[in-house]
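# Structural description and commentary
Residues per chain, in single letters:
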Amino acid sequence: MPYLTQLAKVAKRTGYPVVEVDGWKTRGHGPQPEVQGLVCHHTAGPAGGGDYPSLAVVRSGRPGLDGPLSHFGLGRSGTIYVIAAGRCWHNAPSTSGYHDNSSSIGIEAENNGTQSWPPEQLDAYKRLCAELCREFGLPASRVKGHKEVNTAKPDPHHVDMNAFRRDVAALLKTGEPAALKTSWTEDLMNDLPLLRPGADNYDVKTARHLLRARGYLPETVYSTVGLEAWLDRTKYDDEFADLIKGFQKLRKLDQDSIIGPKTWAALARVA
């Protein structure tokens with residue numbers, strides 16, 4: 001089996017936000033030989049620090065263990081981080097041949113090991129496992145907690161894995177929830193990249209033009225450089241972030257300066 005470059009597409013079927021970490025499609029300790037199981041982890045990272053403060057460690061590793069350490073990260077908000085498409089060092093030694101590094105996908109959910117689990121994070125966890133089972137033809141019984149396939153590990157803490165698997169099985173049985181079925185325009189918005197302050201690419205230029213098309217571009221913003229020069233910029237700078245935040249406020253969206261599916265849809269006037 002080659003690198004699992006379909007993982008972001010699978011994650012998007014959950015309906016939760018997906019962040020494709022730069023370089024994920026070629027990141028791994030070689031290709032993933034097969035997928036026979038899923039292993040659920042918690043990061044044991046910091047109690048605070050935002051949605052997914054363990055990203056750098058899961059992506060790049062720690063002293064004595066090179067990254068990537070898992071294919072997916074799962075933020076406290078339910079946001080799914082696609083980190084690697086190749087083999088990851090997430091479960092060794094394994095007590096199951098279906099759940100070692102060469103035969104399974106790892107999911108590292110942000111939790112310090114004692115915190116309560118946010119409902120949206122647990123829901124995203126189950127939906128991601130269901131979509132991965134669907135993609136690779138696995139039964140819900142192949143979803144295991146790290147603590148079930150490695151005698152030295154306690155994660156994911158305080159998660160009843162039998163109940164967890166029952167919920168995954170229910171999702172597999174019912175198929176795609178009606179609420180997640182999307183139109184072609186929604187699919188288009190979901191396929192557009194997530195843009196954050198600091199990005200530098202032509203998608204930022206597209207967003208600038210759309211912002212202008214929506215009439216949300218004060219002349220004072222581009223008066224010193226000219227409209228065309230301002231529109232041609234590919235850098236997501238602080239000035240543009242403030243404009244996006246103002247546009248989001250106007251459209252009653254989360255004012256986070258992040259251009260995701262809902263903000264793209266508002267900019268393109270399809271929502």
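Scroll up a little and you will see the structure.
Let us look at the structure shown here. (Residues numbered from 1 in each chain as written. Predicted model: local features only at pLDDT ≥ 70, side-chain atom pairs only at ≥ 80, totals over all residues. Heavy atoms only, no water.)

Further remarks concern the overall build of the protein chain. Tallying secondary structure elements over the protein chain gives 11 helices and 8 strands in all. In terms of C-alpha radius of gyration, the protein chain reaches 20 Å, essentially the compact-globule figure of 18 Å for 271 residues. Here the C-alpha coordinates of the protein chain stretch approximately 65 × 45 × 35 Å along the principal axes. Counting all 271 residues of the protein chain, 46% fall into the buried class. Summarising the internal contacts of the protein chain: among those between residues at least 6 apart in sequence, 68% fall at separations of at least 24. (Helix = DSSP H or I, 4+ residues; strand = E, 2+ residues; numbered from the N terminus. Rg over C-alpha atoms; globule rule 2.2 N^0.38 Å. Buried < 20%, exposed > 50% of the residue type's maximum accessible area, 1.4 Å probe, protein only. Contact = heavy atoms within 4.5 Å.)

Moving on to the environment of leucine 172. Assignment of secondary structure puts leucine 172 in helix α5 (residues 161-174). Leucine 172 gets classed as partly exposed once you look at its relative accessible area, which sits at 24%. As a C-alpha pair, leucine 172 and alanine 140 span 32 residues in sequence and 8.0 Å in three-dimensional space. The residues touching leucine 172, leaving out its near neighbours within four places in the chain, are Ala130, Cys133, Arg134, Leu138 and Ala140.

Below, the discussion takes up the packing of helix α10 (residues 238-250) against helix α11 (residues 261-268). Relative to each other, α10 and α11 sit at 80°, their axes nearing to 11 Å. With respect to α11, the axis of α10 lies roughly perpendicular. Counting all contacts with α10, which are made through Ile244, Phe247 and Gln248, the residues of α11 involved are Thr263, Ala266 and Leu267. (Axes fitted to C-alpha atoms, helices over the stretch in contact; angles between N-to-C directions. Parallel < 35°, antiparallel > 145°, perpendicular 65-115°, else oblique.)

Moving on to the pairing of strand β7 (residues 104-109). Within β7, 6 of the 6 residues are buried, which leaves it mostly tucked inside the rest of the structure. Covered by surrounding structure in β7 are Ser104, Gly106 and Glu108 together with Ile105, Ile107 and Ala109, the residues of both alternating faces. Two strands pair when backbone bridges link them, and strand β5 (residues 72-74) and β7 are joined in this way by 3 bridges, in the parallel orientation. The partner of leucine 74 across the bridge, within β7, is alanine 109. (Pairing = 2+ DSSP bridges.)

An ideal rise of 1.5 Å per residue puts 26 Å on 18 residues; helix α3 (residues 119-136) measures up with 26 Å between its terminal C-alpha atoms. Every buried residue of α3 is listed here: Gln121, Ala124, Tyr125, Lys126, Arg127, Leu128, Cys129, Ala130, Glu131, Leu132, Cys133 and Phe136. Glycine 137 lies just past α3 and shows a positive phi near 65°. (Expected span 1.5 Å × (residues − 1).)

For leucine 192, the location among the structural elements is in the loop between α6 (184-191) and α7 (202-213). In this structure, the C-alpha to C-alpha distance between leucine 192 and glycine 260, residues 68 residues apart in sequence, is 7.7 Å.

The next thing to look at is the environment of threonine 234. Residue position: threonine 234 is located in the loop between α9 (227-231) and α10. Along the backbone, threonine 234 and arginine 208 are 26 residues apart, and their C-alpha atoms lie at a distance of 8.7 Å. Dropping the residues within four chain positions of it, threonine 234 is found in contact with Ala199, Asp200, Asn201, Tyr202, Val204 and Lys205. At a separation of 2.6 Å, a polar atom in the side chain of threonine 234 contacts the side chain of aspartate 200. (Polar contact = N/O pair within 3.5 Å; in protein donor to acceptor, adjacent residues only side chain to side chain.)

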